[in-house]
Amino acid sequence: MTKLRTINQLARVEGHGRIRLEQQAGRVVGARLELYESMRLFEALVLGRRYDEIAEIVCRICSICSTVHKVAALQAVEHALELQVSTQTDLLRQLAVQGGQIESHALHLFCLALPDYLGCNGFPELAQRAPAELQRGLEIKALGNRIQELVGGRAIHPFNLLLGGLGSVPAADSLKQLIDQLQELLPAALATIELAAGLNETLPALHPLPCCAASGGPSLFGEQLTTSDGQQLAACEAYAWLDERLVGYSHAKLSSFSEHGPYLVGPLARLNLDVPLEPSAQAALQRYDSRLLGAPLTASHLARAIELLQAIERAMVLCRQLLQNGLLPERAAAVQPRSGSGTALIEAPRGLLLHQYSFNDAGYCTAAQVVTPTAINQGAMALMLTDLLQCLPDADPDSFKLQAERLIRCFDPCISCAVH
Amino acid sequence: MNRPRLAIVGLTACSGCQLSLVNCEAELPLLLEQVQFELFPMACSPVQMAEQYDVALVEGCCTTAHEVELLRELRNRSRLLVALGTCALWGGVATLRSDTPRQQLLSQVYGPHPPLDDGLPRPLSAYVTVDTALPGCPPEKKELLALLSDLVRGNLPPAGVSPVCTDCRMRENLCLLQERNQLCLGPLTLGGCDARCPSLGVPCEGCRGPAPEVNLTEALAVYQQKGFDQQTVTARLQRFCPEWRHD
């Protein structure tokens, strides 16, 4: 029997974090999520880089979210340079982002979260105990990657998405084939919703959280952000409002929402803030609305499953639109560097994402801000841990830790993004 | 090696190399028969380190004292250690602006009192002996699967030698450098990626790091002839590999 050394690290999340317990006489009196992921300092690394390099560098903040980082960065830089893109480019970017949504949500639901509910350690044991479910999840995930590869050139760090356009536009036949592949997966997506709805949740019902999301419609791109308690801000005001603060126990800055909140961002927040849905996803939301609207965090998995269906439907709509418009070759436009600032707000799989850059006359970056959903959610995560502690006052440290980890997984954290 | 016991760990990384493995959706069931995922925090719980592993696959460069300690432990407990991806092999994007004092970079992001748990990002070879490496940002899935196949059979993969230009020639691509006057790092970058980017009309950004024995001086002369200024070329060269300097 090999001696195993336990490492205090959250498993089945992206990046490095730990839950630190404070104990008194064998009882848990405090719990804190520490994001100790290495600081890569992207916001400093892009300073002095030219406008045409920013997006290629910052998409490396993360791999699961690299498409959405790339698109957000491109949009922010284009905003700063007052560069317009064609409808075709915008639709193709939307399609790539939907691909990322599909891949990310399938990865989380099937590989990262589902094991908890089936008593498995991860996909290896899922392959033994629930092979059909794992297979279904991997098929859906693969299609999300296929979309990102088709449009972005590669599923991770999509080099084909460029400033002002794309390297190569996908062929019409590829999009037609994609529509068929998406159509074939609709039953799997519906089955996933049933799976998520039927999970045996052992976490107690915690207080619902106020929500925040970018309000750009089904594209997931937003000119504004809105909150469930009625606030509305333009993209250019968002960074100041989010009001990031450094806390001693985390390498990720925490959004303090200018003394409001904390707000939740992510799939549950989006569904609660009326992000428009395609027909089948809308029907699913209506069917389960009592379990989703104003619901506590544990409804996140069901929300994610409905968003998976939404992303598949939406991707089909985008493909049809692109085919209807007719695909044209595009060369990325010649760019005149100029001084200016630009902001982009996008709903990434895990929630609100903000990129903001400033450039000097020669087009070199003088300021950069990236605010990621998991960083934003730190306040909500801390509040929920406190809530959990109050619900489980007599839990022994080990079982509390397990519940706390399951709670954090509801947020689907991406810690490399949070710290960047 | 009968069902080698794997440790798959990320240090200072984006998880792209680990995700590339999980992105082998069609092959995962087969992989599960051929290898054992023993330590894989991103995908498996709990996070417990065993006394011995057959292979440790480590993604990312190494920054903090905690990461150095973890890396050394993995090296000591593993028969083989693989540097997975360009960050592990060369340093990668985290090593940008490594000329600037680290304290300045920290202050630019966090203000006057940044977190203390920090270090300088370095490739794995700065701290441990690496048995083999997989280049790429991210690595190609087919290379990752080939590596695992080799390991199962008790082999290490052969080192790549030819640059991306070779891959472009095999695909009969238009040369973006010669014919479109674009800053393509193909002549200097290690191939094996099927010239993925140039094949879609996007110049190679050098994400796989340097090919062995490239003629840097000659390449720089060509870039200069094409009208690229030194600052632009240097910046591009150092995006993934800080060692790739010329003075």
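These numbers come from a predicted model, not from an experiment.

A. Representation of the overall build of chain A in the model. Assigned secondary structure in chain A consists of 17 helices and 14 strands. The buried share of chain A, reckoned over its 420 residues, is 66%. In chain A, of all internal contacts separated by at least 6 residues, the share reaching a separation of at least 24 is 71%. Put simply, chain A shows about 14,100 Å² of open surface, and 49% of that area lies on carbon and sulfur atoms. Of note, chain A has its 33 positive side-chain charges centred 6 Å away from the centre of its 42 negative side-chain charges.

B. Structural context of the sheet that holds strand β12 (residues 340-348) of chain A. All names here are of chain A. The strand order across the open sheet built from four strands is β7-β12-β13-β14, with neighbouring strands paired in antiparallel fashion. On the outer flanks of this sheet lie β7 (221-222) and β14 (365-371), each paired with one strand and no other. Relative to β12, β7 runs antiparallel, the two being bridged by two bridges. Bridge pairing in β12 links Phe 221 to Ile 346. Strands in contact with helix α9 (residues 235-242) are β12, β13 (351-359) and β14; relative to β13, the strand with the most contacts, it is inclined by about 105°.

C. Inspection of the pairing of strand β3 (residues 27-34) of chain A at higher detail. Residue and element names in this part refer to chain A. The sheet contact formed by strand β2 (residues 18-24) and β3 spans seven bridges and is antiparallel. When the sheet's bridge partners are listed, Glu 22 is paired in β3 with Gly 30. Hairpin geometry of β2 and β3 is characterised by an intervening segment of two residues between the two adjacent antiparallel strands and by a positive phi of about 50° at Ala 25.

D. Representation of unusual backbone geometry in the model. The omega torsion of the bond from B:Ser45 to B:Pro46 falls at -15°, within 30 degrees of zero and hence cis. Within the secondary structure layout, B:Pro46 lies in the loop between β2 (36-39) and β3 (48-49). One non-glycine residue, A:Glu259, lies in positive phi territory at about 70°. On the secondary structure map, A:Glu259 appears in the loop between β11 (254-255) and α10 (267-272). With a phi angle near 55°, B:Glu172 is a residue other than glycine that sits in the positive phi range.

E. Structural context of the sheet that holds strand β9 (residues 232-234) of chain A. All names here are of chain A. Taken together, three strands build an open sheet; the order of strands is β6-β8-β9 and the sheet is antiparallel. Strands with a single pairing partner mark the edges of an open sheet, and in this sheet they are β6 (212-214) and β9. On average, each strand axis in the sheet is tilted by 20° relative to the strand beside it, whichever way the strands run. Across the face of the sheet, α9 comes into contact with β6, β8 (224-227) and β9 while running at roughly 115° to β9.

F. Layout of the environment of A:Asp412. Residues and elements named next belong to chain A. Within the secondary structure layout, Asp 412 lies in the loop between α16 (397-410) and α17 (415-419). Sequence spacing of Asp 412 and Arg 304 is 108 residues, and the spatial spacing of their C-alpha atoms is 9.7 Å. Residues within four places of Asp 412 in sequence aside, it is in contact with Ser 104, His 108, Arg 304, Arg 350 and Thr 374.

G. A look at the packing of aromatic side chains. Tallied over the entire structure, the rule returns six aromatic pairs over all chains. Their ring planes at 90° and their centres at 6.2 Å tell us that A:Phe123 and B:Phe40 sit as a pair that is edge-to-face. Within this pair, whereas A:Phe123 is found in helix α5 (residues 123-129), its partner B:Phe40 is found in the loop between β2 and β3, the two belonging to separate chains. Pairing A:Trp241 with A:Phe257 gives two aromatic rings, centres 5.5 Å apart and planes at 65°, and the pair type is edge-to-face. Taken together, the residues span a long stretch of sequence, with A:Trp241 in helix α9 and A:Phe257 in the loop between β11 and α10 at a distance of 16 residues. Like A:Phe257, A:Trp241 is buried. Pairwise contacts between aromatic rings join A:Phe123, B:Phe37 and B:Phe40 into one cluster. Over the face of the ring belonging to A:Tyr36 we find A:Arg18, whose NZ or CZ atom lies 4.0 Å from the ring centre.

H. The pairing of strand β5 (residues 78-84) of chain B, seen in detail. All names here are of chain B. With six of seven residues buried, β5 lies mostly within the body of the structure. Pairing of strand β4 (residues 53-59) with β5, which is carried by six bridges, proceeds in the parallel orientation. Bridging across to β5, Ala 56 finds its partner in Leu 81. Each parallel crossover has a hand, and the one from β4 via helix α3 (residues 65-77) to β5 is right-handed. With three bridges connecting them, β5 and strand β6 (residues 132-134) associate as parallel partners. Bridged to Leu 84 within β6 is Leu 134.

I. The pattern of salt bridges, seen in detail. Here the structure, examined in full by the defined rule, presents 36 salt bridges over all chains. Its salt-bridge partner being A:Arg5, residue B:Glu73 comes within 2.5 Å of it at the nearest N-O pair. Here B:Glu73, found in helix α3, pairs with A:Arg5, found in strand β1 (residues 5-6), and the two come from separate chains. On the basis of relative accessibility, which here comes to 15%, the residue B:Glu73 falls in the buried class. According to the relative accessible area criterion, A:Arg5 is partly exposed, its value standing at 34%. A salt bridge links A:Arg270 to A:Glu307, with the nearest nitrogen and oxygen atoms 2.6 Å apart. In this pair, A:Arg270 sits in helix α10 while A:Glu307 sits in helix α13 (residues 300-325), placing the two residues 37 residues apart along the sequence.

Thresholds applied
- Residues numbered from 1 in each chain as written.
- Chains lettered and ligands numbered in written order.
- Predicted model: local features only at pLDDT ≥ 70, side-chain atom pairs only at ≥ 80, totals over all residues.
- Heavy atoms only, no water.
- Helix = DSSP H or I, 4+ residues; strand = E, 2+ residues; numbered from the N terminus.
- Buried < 20%, exposed > 50% of the residue type's maximum accessible area, 1.4 Å probe, protein only.
- Contact = heavy atoms within 4.5 Å.
- Areas by Shrake-Rupley, 256 points an atom, 1.4 Å probe, with all protein chains shown as cover.
- Lys, Arg positive; Asp, Glu negative; His and termini not counted.
- Charge placed at Lys NZ, Arg CZ, Asp CG, Glu CD.
- Pairing = 2+ DSSP bridges.
- Axes fitted to C-alpha atoms, helices over the stretch in contact; angles between N-to-C directions.
- Phe/Tyr/Trp six-rings, centres within 6.5 Å; stacked < 30°, edge-to-face > 60°.
- Lys NZ or Arg CZ within 6 Å of the ring centre and 35° of its normal.
- Right-handed = clockwise from strand over helix to strand, strands pointing away.
- Salt bridge = Lys/Arg side-chain N within 4 Å of Asp/Glu carboxyl O.

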